[in-house]
Amino acid sequence: MEFAELREAVENIELVDGHAHNIVALDSSFPFINSFSEATDEALSYAPHSLSFKRNLRNIAELYGCKSSLQAVEEYRRTSGLDLISSICFKAANIAALLIDDGLKLDKKHDIEWHMSFVPFVGRILRIERLAEEILDQEAPDGSVWTLDMFTEAFLDNLRSAADKIVGLKSIAAYRSGLEINTLVTTEDAEEGLAEVLRGGKPVRISNKSFIDYVFIRSLEVAVSFDLPLQIHTGFGDKDLDLRLANPLHLRAVLEDKRFSKCRIVLLHASYPFSKEASYLASVYQQVYLDFGLAVPKLSVHGMVSSVKELLELAPMKKVMFSTDAYASPETYYLGAKRAREVVFSVLRDACIDGDLSVAEAIEAAKDIFAQNAIWFYKINLGVNSFGSNDNLHQTSVKESDTSKNGVSLVRVIWVDASGQHRCRVVPVKRFNDVVMKNGIGLTFACMAMSSHLDGPADETNLTGTGEIRLMPDLSTRLRIPWQNQEDMVLADMHLKPGEPWEYCPREALRRASRVLKEEFNLVMNAGFENEFYLLKSVLREGKEEWVPIDSSPYCSTSGYDVASSIFHEIVAHIHSLNIEVEQLHAEAGKGQFEMALGHTICTNAADNLIFTREVVRAVARKQGLLATFVPKFALDDIGSGSHVHLSLWQKGENVFMASGGSSRHGMSSVGEQFMAGVLHHLPSILAFTAPVPNSYDRIQPNTWSGAYQCWGKENREAPLRTACPPGVKDGVVSNFEIKSFDGCANPHLGLAAIIASGIDGLRRHLPLPEPIEANPSSLDGKIQRLPVSLSESLQALHKDDVLQDIIGEKLLVAIKGIRKAEINYYSQNKEAWKQLIHRY
């Protein structure tokens, strides 16, 4: 029996991690070795001799491409930095949603919002015992000693106020006094228990059984009233736990209590070694669900497989959920995800062999276990993501150290320069794994001073052929090239030396801007790009090769799409295989012109996705003997091509660009208005980033839907900034705004960095947004300021704009200005040279 389809499904499902904990800073006192074991103190010295330790350490070393030793892995972590290793681990894990119990005490742990840089959705699980301790660590409201009534009021107020900000509650009663909860604990017993807890001094640690049972029952009452699930630690853990009292069968009194028959309860950690008992409970109690994090990956392979098999012996597959139970280090997320995929595949494959499941049923079970069950159970709103659909069964990044198993022989290391051109160095896979992953590739300073017409440094950039940087591959972006066998590709960062970013690096410039937005305003910008491009075919005219459009059909014509449908089937399949979402595509208004819209995601990923998408489109066209060009104005007598970008602001997983409760006349929040006002104010200088060649301004003309005037409008496609209200959004409320003055010659990282910097200025100065323009701006000529009509005017605006320098960086701005000046000079002296841009963009 063949199981390739099942394996592909299991390996490519985007995961919902239902239970995990915070990551800590690299200089935390929490030892990295604790990521591999629940042991502490002297017992921890024996951890390296366990089966799971040896396996997990080897897996991490393979991911990082370093030696398989604890010392080598720790050195890689130290030199790479937390952001890089987190990016690598989360990308490899392919986790799309993460639920964090932040009640675990860890030195220098990052807050929940920090994790949003690596996972699209992050939710909070509130640990009830930790909340109770935090309350009792404070002074009583009247300055006296805490009473049970005062505590209860404060505790319930905290739970109720948090109910709409969390995805669930959690109890660690198993650690403190066991799971034999007294559902009828008396007020007197709870009062005595509270008094005993307080006598223990501060910081408070709750261990009295009566008081713990009281807190547990009050929490369940809130959970029922707010329809919140309750996660319960069951089974093994560290030595603070009495394993005899962690058997979930002790929960019978809770499960039989009619008050809580509608409460949704999750038994964590596969209840190991009581997995069969947990399976039984889930089969006979409708409110019981199971989670197998911690058992996977902390057990041996046999232990993990047998534990998950035992869960499925009786429990409905709709009640079993994945989690990593990761904590402290990003590596624990990777290990939990990697092993879970392997274990679940093994279990479902055996179920098919045994005749319990068909392959189709096994695939459906995998989707449920890894994502769908948790999405429903925790009521997770994942926006455009549709977990388990065919479109989201993407190929994962190639990570194995011995890549000969994957047939890879060469790796393309890709960067995009300040003139927006894609460039790459190619190295044999063995050298990539042995040398390049750690030390990078040498590259001249001049690489960030090249213009669209000359592969040499432009004057006035302060960059020459003297000096060298290191192209450092961002392993989180390493992907198998879908159109070329035996090759991987990876995007590169620019470092002066490994671990020290170069101030001219475009990807670092966007990260820098994003960090300021996050640190000052707790905001994250999402972006989604539209790609307009021409498909051209070669013809001979009077013995000379010319590139002409493949078709002359009009806008959105079915015949226009038919001409290229076979090409687009291949393009879309390749893009999906790279874990990039395609929302829609159509024939555009130009002859042989097409548009393809990508899904929105955090802006750093959106810029990366745009680069990979362009690579796919060009490569597939080349295979068909065609030329795909993203040049802004392919033909002066036809419509231009843009790279419009839709932008929104997010906070704690929610879109905060849009107004709430109809509080804004424009449908935007005050944050959204101020951010967009900053972008509008700085738009003339932003054009030096987003419309970077003289040909860009041949496109930005009135009456061409390209945004030629400095204004904004509601669904006004002649305005350069357009607020959008897509289907599914409440009438009058906008979800994002579009910038039309962005084209395919722009480096997307630099363009988005300039936009964020401008938006930050709007937020800092609380800039007001002028009234929207409802008419065609060209009909109001003289009343609305024209945007720069040339790169020269945009460059002049940039010279006068001091705001962008602080965030973009003075040296990088000098280089950009020098390159733009070189573009102006060259194309003004060589009037026909713009026609060669189709071969560079």
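Scroll up for the structure.
In this report, the structure presented in the accompanying data block is examined. (Residues numbered from 1 in each chain as written. Predicted model: local features only at pLDDT ≥ 70, side-chain atom pairs only at ≥ 80, totals over all residues. Heavy atoms only, no water.)

A tally of regular secondary structure across the protein chain gives 25 helices and 27 strands. The globule rule puts the C-alpha radius of gyration for 841 residues at 28 Å, and the 29 Å found for the protein chain is close to it. Along the longest, intermediate and shortest principal axes, the C-alpha atoms of the protein chain span 95 × 60 × 55 Å. Taken across its 841 residues, the protein chain has 61% of its residues classed as buried. Partitioning the contacts of the protein chain with sequence separation of at least 6, the portion at a separation of at least 24 is 74%. (Helix = DSSP H or I, 4+ residues; strand = E, 2+ residues; numbered from the N terminus. Rg over C-alpha atoms; globule rule 2.2 N^0.38 Å. Buried < 20%, exposed > 50% of the residue type's maximum accessible area, 1.4 Å probe, protein only. Contact = heavy atoms within 4.5 Å.)

Another point: helix 1 (residues 4–12). Of the residues making up helix 1, those classed as buried are Leu 6, Ala 9, Val 10 and Asn 12. In this structure, the buried side of helix 1 is in contact with helix 14 (330–354) and helix 15 (359–377).

A few words on the environment of Ala 282. Structurally, Ala 282 is set in helix 11 (residues 275–284). The class of Ala 282 is buried, set by a relative accessible area of 1%. For the pair Ala 282 and Leu 312, spaced 30 residues apart in the sequence, the C-alpha separation amounts to 9.8 Å. Non-local contacts of Ala 282, meaning those with residues more than four positions away in its chain, are made with Val 288, Leu 290, Ala 315, Pro 316 and Lys 319.

To continue, consider the packing of helix 1 against helix 14. Running from N to C, helix 1 and helix 14 cross one another at 150°; their axes reach a closest spacing of 9 Å. As judged from the angle between their axes, helix 1 and helix 14 are roughly antiparallel. Two packed elements cross with a definite hand, and for helix 1 against helix 14 that hand is right-handed. In contact with Leu 6, Arg 7, Val 10, Glu 11 and Asn 12 of helix 1, helix 14 contributes Arg 341, Phe 345, Leu 348 and Arg 349. Among the residues forming the contact of helix 1 with helix 14, the class breakdown is four nonpolar, one polar and four charged. (Axes fitted to C-alpha atoms, helices over the stretch in contact; angles between N-to-C directions. Parallel < 35°, antiparallel > 145°, perpendicular 65-115°, else oblique. Left-handed = near helix turned anticlockwise from the far one by under 90°. Nonpolar A, V, L, I, M, F, W, Y, C, P; charged D, E, K, R; others polar.)

A few words now on the packing of aromatic side chains. When we look at a pair of aromatic rings, we describe it by the centre distance and by the angle of the planes. For the structure shown, the criterion picks out 25 aromatic pairs. Look at Tyr 64 and Tyr 76: their rings are 4.4 Å apart centre to centre, the planes differ by 15°, and that puts the pair in the stacked class. In this pair, Tyr 64 sits in helix 2 (residues 51–64) while Tyr 76 sits in helix 3 (residues 70–80), placing the two residues twelve residues apart along the sequence. Chaining the aromatic ring pairs together yields one cluster made of Phe 533, Tyr 561, Phe 568, Phe 594 and Phe 630. When the ring centre of Tyr 709 is taken as origin, the NZ or CZ atom of Arg 786, which lies over that ring, is 5.7 Å away. (Phe/Tyr/Trp six-rings, centres within 6.5 Å; stacked < 30°, edge-to-face > 60°. Lys NZ or Arg CZ within 6 Å of the ring centre and 35° of its normal.)

Taken together, the side chains of Leu 249, Tyr 280, Val 284 and Leu 314 make up a nonpolar region of the molecular surface, amounting to roughly 360 Å² of accessible area. As for its position among the elements, Val 284 is in helix 11. A relative accessible area of 45% means that Val 284 is categorised as partly exposed. (Patch = residues over 30% accessible without salt bridge, like charges linked within 9 Å, V, L, I, M, F, W, Y side chains within 5 Å. Areas by Shrake-Rupley, 256 points an atom, 1.4 Å probe, with all protein chains shown as cover. Salt bridge = Lys/Arg side-chain N within 4 Å of Asp/Glu carboxyl O.)

Among the residues making up helix 3, those that are buried are Ala 72, Val 73, Tyr 76, Arg 77 and Ser 80. When helix 3 is viewed along its axis, its buried side chains cluster within an angular range of 140° and face the same direction. For helix 3, the exposed residues set more than 90 degrees away from the buried face come down to Gln 71 and Arg 78. Those residues of helix 3 hidden inside the fold are in contact with helix 2, helix 4 (82–93) and helix 14. In the stretch just after helix 3, Gly 81 is the one whose phi turns positive, near 90°. (Arc of directions from axis to C-beta.)

In summary, soluble globular proteins display a tendency toward joint burial of nonpolar side chains. Grouped together as the largest cluster of nonpolar side chains are 241 residues, with contacts concentrated most on Phe 155, Phe 292, Met 525 and Leu 752. Per-element tally for this core: the top contributor is helix 14, with twelve residues. Apart from residues no more than four positions distant in its own chain, Met 525 is found in contact with Leu 517, Thr 601, Ile 602, Cys 603, Leu 647, Ser 648, Leu 649, Phe 675, Leu 752, Ile 755 and Ile 756. Counting 33 residues, the second largest nonpolar core, distinct from the first, contains Ile 580, Val 582, Phe 612 and Ala 621. (Core = buried A, V, L, I, M, F, W, Y, C linked by side-chain atoms within 4.5 Å.)

This next bit is on the pattern of salt bridges. Counted according to the given criterion, the structure contains 51 salt bridges. Across the pair Lys 108 and Asp 27 runs a salt bridge, and its minimum N-O distance is 3.1 Å. One end of the pair, Lys 108, is in the loop between strand 2 (95–101) and strand 3 (121–127); the other, Asp 27, is in the loop between strand 1 (15–20) and helix 2, with 81 residues separating them in the sequence. Owing to a relative accessible area of 44%, Lys 108 belongs among the partly exposed residues under this scheme. As a salt-bridge pair, Asp 102 and Arg 124 come within 3.1 Å of each other at their nearest N and O atoms.

Before going further, it helps to examine the sheet that holds strand 9 (residues 320–321). Spatial strand order, 1-2-3-4-5-6-7-9: eight strands in an open sheet with parallel pairing. The sheet is open, and its two edges are formed by strand 1 and strand 9, each paired on a single side. The pairing of strand 6 (residues 265–267) with strand 7 (residues 288–291) spans three bridges and is classified as parallel. Each bridged residue has a counterpart across the sheet, and for Leu 267 the counterpart in strand 7 is Leu 290. (Pairing = 2+ DSSP bridges.)

To continue, consider the pairing of strand 1. With six of its six residues buried, strand 1 lies for the most part within the structure. Across four bridges, strand 1 lies against strand 2 in parallel orientation. In the strand pairing of strand 2, Ala 20 is matched with Ile 100.

Attention shifts here to the side chain of Ser 451. Its place among the elements puts Ser 451 in the loop between strand 12 (441–444) and strand 13 (468–473). In terms of polar contacts, Ser 451 uses its side chain to reach the side chain of His 453, at 3.0 Å. (Polar contact = N/O pair within 3.5 Å; in protein donor to acceptor, adjacent residues only side chain to side chain.)

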